[in-house]
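Below, each chain spelled out in residue letters.
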Amino acid sequence: PSFRLLNHQLIIPDADLTVKVTGNASWAWTYSYPKDEGGGFEFQSRLLDQDTLAPGKLRLLDVDNEAVVPVNKVVRMQVTADVVGIIHSFVVPAFGVRIDAVPGRLNETWFKAEKEGIYYGQCSKLCGKDHAYMPIVFRVVSEEAYKAWLVEGQKKFAAVETPVRLAAT
Ligand SMILES: [Cu+2]
């Protein structure tokens, strides 16, 4: 019965969008936005230099490139890790999201943010030297701002074909 429950817990509602996140061997996260959902790019998200932190930026949490998602939408997260890397864990407490990022495996989870704002998380699986320095940052914005950000992202970030793929069930 417990396995049936666990399985049921993993059922992902119809998603409005998909974001793939990869835990990097070099202690950063890569976010990929699928082309067929207006993205077609990916970028790395790294902790800001702690010695030259601008006022208002949070120590050990703020990053150079935040992941951006629209408010009140079901976001399906596909979670994995560099094949040459090690297991990380993708955790954003305010979303109730906690799932391992395993090399060679595409895990899935989801969340729906009901308020705009900035949400922080951290890697939660000991992964080597910089385990404490690979935070997760989501900026939740209005639908219009999200669309504008997608257009900006296509210019700013590396182009990539990221088809939406379901994890093995
Ligand atoms: Cu890690």
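Residues numbered from 1 in each chain as written. Predicted model: local features only at pLDDT ≥ 70, side-chain atom pairs only at ≥ 80, totals over all residues. Heavy atoms only, no water.

### Description of the environment of glycine 38
Point 1. Mapped onto the secondary structure, glycine 38 falls in the loop between β2 (29-33) and β3 (41-45).
Point 2. Note: C-alpha distance between glycine 38 and leucine 17 (21 residues apart in sequence) is 9.7 Å. (Helix = DSSP H or I, 4+ residues; strand = E, 2+ residues; numbered from the N terminus.)

### A look at helix α2 (residues 143-156)
Point 1. Over its 14 residues, α2 runs 20 Å from end to end, which matches the ideal 20 Å to within 8%, given 1.5 Å per residue.
Point 2. Of all the residues in α2, the buried ones are Tyr146, Trp149, Leu150 and Gly153. Buried residues along α2 cover an arc of 110° about the axis, so they all sit on one side. Opposite its buried face, α2 presents the exposed residues Glu144 and Lys155, each directed more than 90 degrees away.
Point 3. Summarising the contacts, the buried residues of α2 are in contact with β1 (17-23), β2, β3, β4 (67-70) and β10 (136-141). (Expected span 1.5 Å × (residues − 1). Buried < 20%, exposed > 50% of the residue type's maximum accessible area, 1.4 Å probe, protein only. Arc of directions from axis to C-beta. Contact = heavy atoms within 4.5 Å.)

### Points about the coordination of the copper ion
Around a metal, the perfect tetrahedron of four donors has angles of 109.5 degrees, and the perfect octahedron of six donors has angles of 90 or 180 degrees.
Point 1. At the metal site, the copper ion is ligated by His88 (ND1), Cys123 (SG), Cys127 (SG) and Met134 (SD), and these contacts range over 2.0 to 2.6 Å.
Point 2. Around the copper ion sit 4 donor atoms; with metal-centred angles ranging over 93 to 126°, the donor geometry is tetrahedral.
Point 3. All donor residues of the copper ion come from one chain, and their arrangement in sequence is H-x34-C-x3-C-x6-M.
Point 4. The class of cysteine 127 is buried, set by a relative accessible area of 4%. (Donors = N, O, S within 2.8 Å, 3.2 Å for Na, K, Ca; no water. Tetrahedral: all angles 85-135°; square planar, octahedral: opposite > 155°, others 65-115°.)

### Here's the deal with the pairing of β2
Point 1. Summarising burial for β2: 5 of the 5 residues are buried, a large majority.
Point 2. Because side chains alternate across β2, one face comprises the buried residues Trp29, Tyr31 and Tyr33, and the other comprises Thr30 and Ser32, equally buried.
Point 3. With 4 bridges connecting them, β1 and β2 associate as antiparallel partners. Note that in β2 the partner of threonine 22 across the bridge is threonine 30.
Point 4. Hairpin connection, β1 to β2: the antiparallel pair is bridged by 5 residues, and tryptophan 27 has positive phi, about 60°.
Point 5. For β2 and β3, the ladder comprises 5 bridges, and the chain directions are antiparallel. Following the sheet pairing, threonine 30 is matched in β3 by glutamine 44. (Pairing = 2+ DSSP bridges.)

### Considering the packing of aromatic side chains
Point 1. Counting across every chain of the model gives 17 aromatic pairs.
Point 2. Each ring, one from phenylalanine 41 and one from phenylalanine 43, has its centre 6.4 Å from the other, and the planes form 25°; the classification is stacked. Here phenylalanine 41 matches phenylalanine 43 in class, with each residue buried.
Point 3. Taken together, a centroid distance of 4.0 Å and an interplanar angle of 10° make the contact between phenylalanine 95 and phenylalanine 111 stacked. A residue pair is termed long-range when its members are at least 10 positions apart, and phenylalanine 95 in the loop between β6 (88-92) and β7 (97-101) and phenylalanine 111 in strand β8 (residues 107-112) qualify at 16 residues. Phenylalanine 111 matches phenylalanine 95 in its accessibility class, with the two residues each being buried. (Phe/Tyr/Trp six-rings, centres within 6.5 Å; stacked < 30°, edge-to-face > 60°.)

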